[in-house]
Amino acid sequence: MLQRIKINGLTWSPDKNKASVLDNINIEFEENQFYGIIGPNGAGKSSLVRQIVGLKKPSSGNILFDNVDIQSIDKNNIAKKISFLPQSFYRDIDFNVYDVVSMGREPYRNYFQALKKEEVDIINEALEYTGCIKIKDRSMTTLSGGELQRVMIARTLVQDTPWIVLDEPVSNLDIKYQLELMDLLERLRTEKNKTIISVMHDINLAKSYCTFIVMMKDGKVHEYGNCDEVLTKEKIENLFDLHLKLFQFIV
């Protein structure tokens, strides 16, 4: 049976007296796909992924993970099903790479419990898979942006969840590191059977890597479907309220 995340009539506002940031969202995500969420600033993209991982409670509607309301699942069990990579995270703490990656095992361990041999094996495999093994002893404060993102992906691998949710994972990275990171995410989907849901800004990257696209505008799902259906000149112009004189994917 396929795993699914189903969103039903989801509406959310940070304040009862303010307009909704998310307005009647209805959408379904299935396993082993790469979903790209795109749209203009203020469309509700980041708010949506935070709802998916259970960080915020809907004002109305619900999110079902395999037909169970995600708000009824305790945080530790959610962390065994869905890992989340936010837009930004603390990088000025003086932990080394290995320690940060090993923190991905926290949902499975008691506090202060020593790592078991099988967990050490999982950590080392993730470091190798993401190309971080050579920097495992370095302080997080010394890493480049690309290295930092790879370390955080390694941490999500160690968390061992079937679903990975990311909020603009390639923002502020040079194109070389953007492509390396997107290649890594695609390998996770095809080789590790992970399902990827990622907020994205670069339409070229979305076209090259995603299997499905969610277009958001004004807190609503504007368009949804596979890349060929959704990423057309007309729909992109309508989404961003612009006129494209030239529309050509370069990747």
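Below or above, wherever it landed, is the structure these notes cover. Keep in mind it's a predicted model, so treat the numbers as computed, not measured. (Residues numbered from 1 in each chain as written. Predicted model: local features only at pLDDT ≥ 70, side-chain atom pairs only at ≥ 80, totals over all residues. Heavy atoms only, no water.)

Examining the sheet that holds strand E3 (residues 34-38)
If you trace the six strands from one edge of the open sheet to the other, you get E6-E7-E8-E3-E9-E10, paired in mixed fashion. Lying at the two open borders of the sheet, with one neighbouring strand each, are strand E6 (82-85) and strand E10 (220-226). On average, adjacent strands in this sheet sit at an angle of 15° to one another, irrespective of strand direction. Looking at chain direction, strand E7 (residues 163-167) and strand E8 (residues 195-199) are connected through five bridges and run parallel. Considered in E8, the bridge of aspartate 167 is made with valine 199. (Pairing = 2+ DSSP bridges. Helix = DSSP H or I, 4+ residues; strand = E, 2+ residues; numbered from the N terminus. Axes fitted to C-alpha atoms, helices over the stretch in contact; angles between N-to-C directions.)

Observations concerning the sheet that holds strand E2 (residues 22-30)
If you walk across this open sheet you meet the four strands as E2-E1-E4-E5, and the pairing is antiparallel. At either end of the open sheet lies a strand with only one pairing partner, and these are E2 and strand E5 (68-69). Bridging between strand E4 (residues 60-65) and E5 involves two bridges; their strand directions are antiparallel. Paired with leucine 64 across the two strands is aspartate 69, which belongs to E5. Sitting on the sheet, helix H1 (residues 45-52) touches strand E1 (4-12), E2 and E4, and the angle it makes with E1 is about 125°. (Contact = heavy atoms within 4.5 Å.)

A closer look at the side chain of lysine 194
Along the chain, the position of lysine 194 falls in the loop between helix H6 (175-192) and E8. Polar side-chain contacts of lysine 194 include one of 2.8 Å to the backbone oxygen of threonine 161. The residues touching lysine 194, leaving out its near neighbours within four places in the chain, are Asn32, Gln33, Leu157, Asp160, Thr161, Pro162, Ile164, Leu188 and Arg189. (Polar contact = N/O pair within 3.5 Å; in protein donor to acceptor, adjacent residues only side chain to side chain.)

Topic: the packing of helix H5 (residues 145-159) against H6
Between H5 and H6, the shortest axis-to-axis distance is 10 Å and the interhelical angle comes to 10°. With respect to each other, H5 and H6 are oriented roughly parallel. In this structure, H5 meets H6 at a crossing whose hand is right-handed. Between H5, through Gly146, Gln149, Arg150, Ile153 and Leu157, and H6, the contact on the second element is made entirely by Tyr177, Glu180, Leu181, Leu184, Leu185 and Leu188. Classifying every residue of the contact of H5 with H6 gives seven nonpolar, two polar and two charged. (Parallel < 35°, antiparallel > 145°, perpendicular 65-115°, else oblique. Left-handed = near helix turned anticlockwise from the far one by under 90°. Nonpolar A, V, L, I, M, F, W, Y, C, P; charged D, E, K, R; others polar.)

Some points on the nonpolar core
By size, the foremost hydrophobic cluster in this structure holds 45 residues, and its most contacted members are Val151 and Ile213. Among the elements that make up this core, the one with the highest residue count is H5 (seven residues). Formed by 27 residues, the second largest nonpolar core is a distinct cluster that contains Ile7, Leu10, Trp12 and Ile52. (Core = buried A, V, L, I, M, F, W, Y, C linked by side-chain atoms within 4.5 Å. Buried < 20%, exposed > 50% of the residue type's maximum accessible area, 1.4 Å probe, protein only.)

Some thoughts on the packing of aromatic side chains
Evaluated as defined, the whole model comprises four aromatic pairs. Ring plane angle 90° and centroid distance 4.8 Å describe the contact between phenylalanine 29 and tyrosine 35, whose orientation is recorded as edge-to-face. For the pair formed by phenylalanine 29 and tyrosine 35, the shared burial category is buried. Centre to centre, the rings of phenylalanine 212 and tyrosine 224 are 6.0 Å apart; their planes meet at 15°, and the pair counts as stacked. Placement of the pair is phenylalanine 212 in strand E9 (residues 212-217) and tyrosine 224 in strand E10, with a sequence separation of twelve residues. Taking the relative accessible area as the measure of exposure, phenylalanine 212 reaches 24% and is therefore partly exposed. (Phe/Tyr/Trp six-rings, centres within 6.5 Å; stacked < 30°, edge-to-face > 60°.)

Some thoughts on the pattern of salt bridges
Evaluation of the coordinates by the stated rule reveals 17 salt bridges. Two residues, lysine 117 and aspartate 121, come together in a salt bridge whose shortest N-O distance is 3.0 Å. Here aspartate 121 and lysine 117 lie together in helix H4 (residues 117-129), a separation of four residues that amounts to about one turn. Accessibility expressed as a relative area gives 38% for aspartate 121, which makes it partly exposed. Residue arginine 187 pairs with glutamate 191 through a salt bridge whose shortest N-O separation is 3.9 Å. Of the two residues, arginine 187 and glutamate 191 are both situated in helix H6; the distance of four residues between them amounts to about one turn of the helix. (Salt bridge = Lys/Arg side-chain N within 4 Å of Asp/Glu carboxyl O.)

Overview of unusual backbone geometry
Residues other than glycine seldom take positive phi values, yet asparagine 24 does so here, at roughly 55°. The residue asparagine 24 is located in strand E2 in this model. In this structure, aspartate 160 is a non-glycine residue whose phi angle is positive, near 60°. Position of aspartate 160 among the secondary structure elements: in the loop between H5 and E7.

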